[in-house]
Amino acid sequence: MDWFSNLFGKKENAQSWEERNAWDGSGEQACPRCGEQMTKRYNFSGWWCNNCQSGLDDDDLDDDGESLSVYDAALIWASHGRDEDYMFGYSEDELEDSLS
């Protein structure tokens, strides 16, 4: 090895960041949607289900059944100057159609 490699190169036996932080498989978590076993990528990352492609941090897991109708969303959107921050997941066409 030359002096540059010695100074900035990797050590022969050094683990990469990925290797040091990879999830070791300890602990278990069942998916609340499908019941399959969940996994992690790193020790500090959130749980993820490969079966239904969802994580425990997904907002829709806390869905309480209440939602804003397209008409109510359109009224709020229009009263805020048709600002895209007030579209509540609806498209502009959907909101326009519900107002007419």
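Everything discussed here concerns the structure shown above.
The present account deals with the structure reproduced in this document. None of the values given here were measured: they were computed from a predicted structure.

**A closer look at unusual backbone geometry**
Of all residues except glycine, most have a negative phi; of all peptide bonds, most are trans.
Next, step 1: In the Ramachandran plot, Arg82 falls in the positive-phi region, its phi being about 60° despite a non-glycine side chain.
Next, step 2: Locating Arg82 in the fold gives a position in the loop between α3 (70–79) and α4 (92–99).
Next, step 3: Arg82 sits in the partly exposed class, given a relative accessible area of 41%.
Next, step 4: Phi at Phe88 is positive, roughly 50°, even though this residue is not glycine.
Next, step 5: Its location among the elements puts Phe88 in the loop between α3 and α4.

**Quick look at the environment of Arg20**
Next, step 1: Inspection of the secondary structure assignment puts Arg20 in helix α2 (residues 17–21).
Next, step 2: C-alpha of Arg20 to C-alpha of Asn43: the two residues are 23 residues apart in sequence and 9.4 Å apart in space.

**A look at the nonpolar core**
Note on soluble globular proteins: their nonpolar side chains tend to be buried together.
Next, step 1: Ala73, Ala74, Trp77, Met87 and Leu95 form the largest nonpolar core, which has five residues in total.
Next, step 2: Element by element, the count of residues in this core is highest for α3, at three residues.
Next, step 3: Excluding its chain neighbours within four sequence positions, the residues that come into contact with Leu95 are Val70, Ala73, Ala74, Trp77, Met87 and Tyr90.

The rules behind these values
- One numbering rule holds for all chains: residues counted from 1, following each sequence as written.
- Predicted model: local features are reported for residues with pLDDT of at least 70 only, side-chain atom pairs are reported and counted for 80 or more only, and whole-chain, interface and lining totals are derived from all residues.
- Based on all heavy atoms of the structure, the side-chain values leave hydrogens and waters out of the count.
- Runs of E in the DSSP output that reach at least two residues are strands. Runs of H or I that reach at least four are helices, and both are numbered from the N terminus.
- Burial status follows relative accessibility: with a 1.4 Å probe on protein chains alone, a residue under 20% of its type maximum counts as buried, one over 50% as exposed, and anything between as partly exposed.
- The nonpolar core is taken to be a set of buried Ala, Val, Leu, Ile, Met, Phe, Trp, Tyr and Cys residues, with the residues joined through side-chain atoms within 4.5 Å.
- Note on definitions: a residue-residue contact is assigned when non-hydrogen atoms from the two residues lie within 4.5 Å.

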